[in-house]
Amino acid sequence: MVPNDELIDRLLSGKNRMSDAAHDDIFEQVMAEVAPAKKRSRFRFPILAGLLVASAAVLMIPIAMRSAESPQADEFGARGSGQDIATFSLNCSSPESGDAPLSCANDAKLFFDMQGTTGYPYFAAFGRHTDGTVVWYFPEALGGHSIELAEHLEQGVLDRSVVLGQAHSRGEYQVYGFYSKVPLTRADIKERFRSGVYGDDTVLINRSFSVL
Amino acid sequence: MPVFDNKRPLLEAFRRGEREAMGTVYKRFVGDVETLTRRGFTQSARRIGGARIDEQAELVQETFVRAFADRARSSFDGLRPYRPYLLRITRNLMIDRLRSANGTQGQGVGNIDDLLENGTEFSTIPEIEENLHWAQLSAATKDFKAGLDAKTQEIVRLRFDEEMSQDAVSAQLGCTRRRVRSVEALIRTELRVHLEKLGLLDV
């Protein structure tokens, strides 16, 4: 954790001291240094560990593929070539009715949790109301490009939230998230969306939420 | 009560290097070691200032690495009190770093040699806010938190103040763990941006 991260956590706790979790982390570091011989793999049998990991991966793939076909699934996104995984979930700062389906107050902030995404450096998104109205989220500007995720993720969450505000009327929105290997403009995204042709370098994930 | 008093099994397990025993000793003293690194001390009229946040963790870790090293641990006879022994390691590490008095004002925990001789608990020494920068940051953070909606404030309180796990918070509030994690990450980012805009945090 970089110094400012620890400082932020202390400020949020209201206490200028390390958290219990920080103490625990230090203890593990101490143990790793003073008693490395005592450090055991979580599994006594590495071969068994490998088999367990492999079998988990085998289970992951079919689930991920089903999710690509049924994008309402929350936990998994699409799997591209190799080990690339694209996924996100939506949250708002003041959900009005639990977490599923997501309903947000019209003055709430909408934010994107991209935890688990790998292999796609860029992300763009827009929301579309059931009446067809489109609201662009990223890129924010007309001439802009997809966001470069490496610069904008905080523990897997995008550091830019969307204030719903006046741009969003009441009702349901489908949010279309475009993961790509290259930065895309709004025009690029529109073309791919309309044609339905994404190629190997772009994946579309959609989620939904409602504005109350 | 000293940690090893009337606890021969604990002492033996500690000397053997058993993890649970080292954990017991660690938890008993880590707060004091941290306090010393954070507040600093005086010695022979020389002021050794408190360490920066990133250095505090290093000093705590190095203290216990030295104290828990094989030779140090296995040769500890259990007759001497452990706390002064441990804090002297911390003291020496801090002196080695030659902290100046510029970072903090005041006396820290006070004269370290007297404190170790007397066995004074640091918790009994009033902690006057010596760090003006921390005071400013705290005030700005309080304003920031006051502007959050009630549910987010509750997540912040349970995660950061009560130090509950994400699972426990999600169970208490009836939301998913993913949501708790998302809110947590967003709040950290927004507070950082808030403090940077106020010029209280280096970009």
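Notes on the structure in this doc start here. Nothing here was measured: the structure is a model prediction, and the numbers come from that model.

Procedures and definitions
Residues numbered from 1 in each chain as written. Chains lettered and ligands numbered in written order. Predicted model: local features only at pLDDT ≥ 70, side-chain atom pairs only at ≥ 80, totals over all residues. Heavy atoms only, no water. Helix = DSSP H or I, 4+ residues; strand = E, 2+ residues; numbered from the N terminus. Buried < 20%, exposed > 50% of the residue type's maximum accessible area, 1.4 Å probe, protein only. Contact = heavy atoms within 4.5 Å. Areas by Shrake-Rupley, 256 points an atom, 1.4 Å probe, with all protein chains shown as cover. Arc of directions from axis to C-beta. Phe/Tyr/Trp six-rings, centres within 6.5 Å; stacked < 30°, edge-to-face > 60°. Lys NZ or Arg CZ within 6 Å of the ring centre and 35° of its normal.

### So, the overall build of chain B
At step 1: From N to C terminus, chain B includes 10 helices and two strands.
At step 2: Going from the N terminus to the C terminus, chain B shows its helices and strands as α-α-β-β-α-α-α-α-α-α-α-α.
At step 3: Counting the 203 residues in chain B, one finds 50% classified as buried.
At step 4: When contacts within chain B are restricted to residue pairs at least 6 apart in sequence, those whose partners lie at least 24 apart make up 64%.
At step 5: For chain B, the computed accessible surface area is about 10,200 Å², with 49% contributed by carbon and sulfur atoms.

### Here's the deal with helix α4 (residues 186–195) of chain A
All names here are of chain A.
At step 1: Buried within α4 are the following residues: R186, I189 and R192. Down the axis of α4, the sector holding all buried residues measures 130°, keeping them to one side. Facing away from the buried side of α4 by more than 90 degrees, the exposed set consists of A187, E191 and R194.
At step 2: Considering only its buried residues, α4 is in contact with β6 (122–129), β7 (134–138), β12 (171–180) and β13 (202–211).
At step 3: After α4 finishes, the residue G196 shows a positive phi value of roughly 75°.

### Comments concerning the packing of aromatic side chains
At step 1: Scanning all chains against the criterion turns up 28 aromatic pairs over all chains.
At step 2: Ring centres of F64 of chain B and F68 of chain B lie 5.4 Å apart, and the angle between their planes is 70°; on these two criteria the pair is classed as edge-to-face. Taken together, the residues F64 of chain B and F68 of chain B, both in helix α3 (residues 53–68) and four residues apart, mark about one turn of the helix. Assigned by exposure class, F64 of chain B and F68 of chain B land together as buried.
At step 3: Put simply, the rings of F27 of chain A together with F4, F14, Y26, F29, F64, F68, F76, Y82 and Y85 of chain B pair up and form one aromatic cluster.
At step 4: If you follow K181 of chain A out to its NZ or CZ, it ends over the ring of Y120 of chain A, 5.0 Å from the centre.

Everything listed here is a matter of geometry and, on its own, says nothing about what the molecule does.
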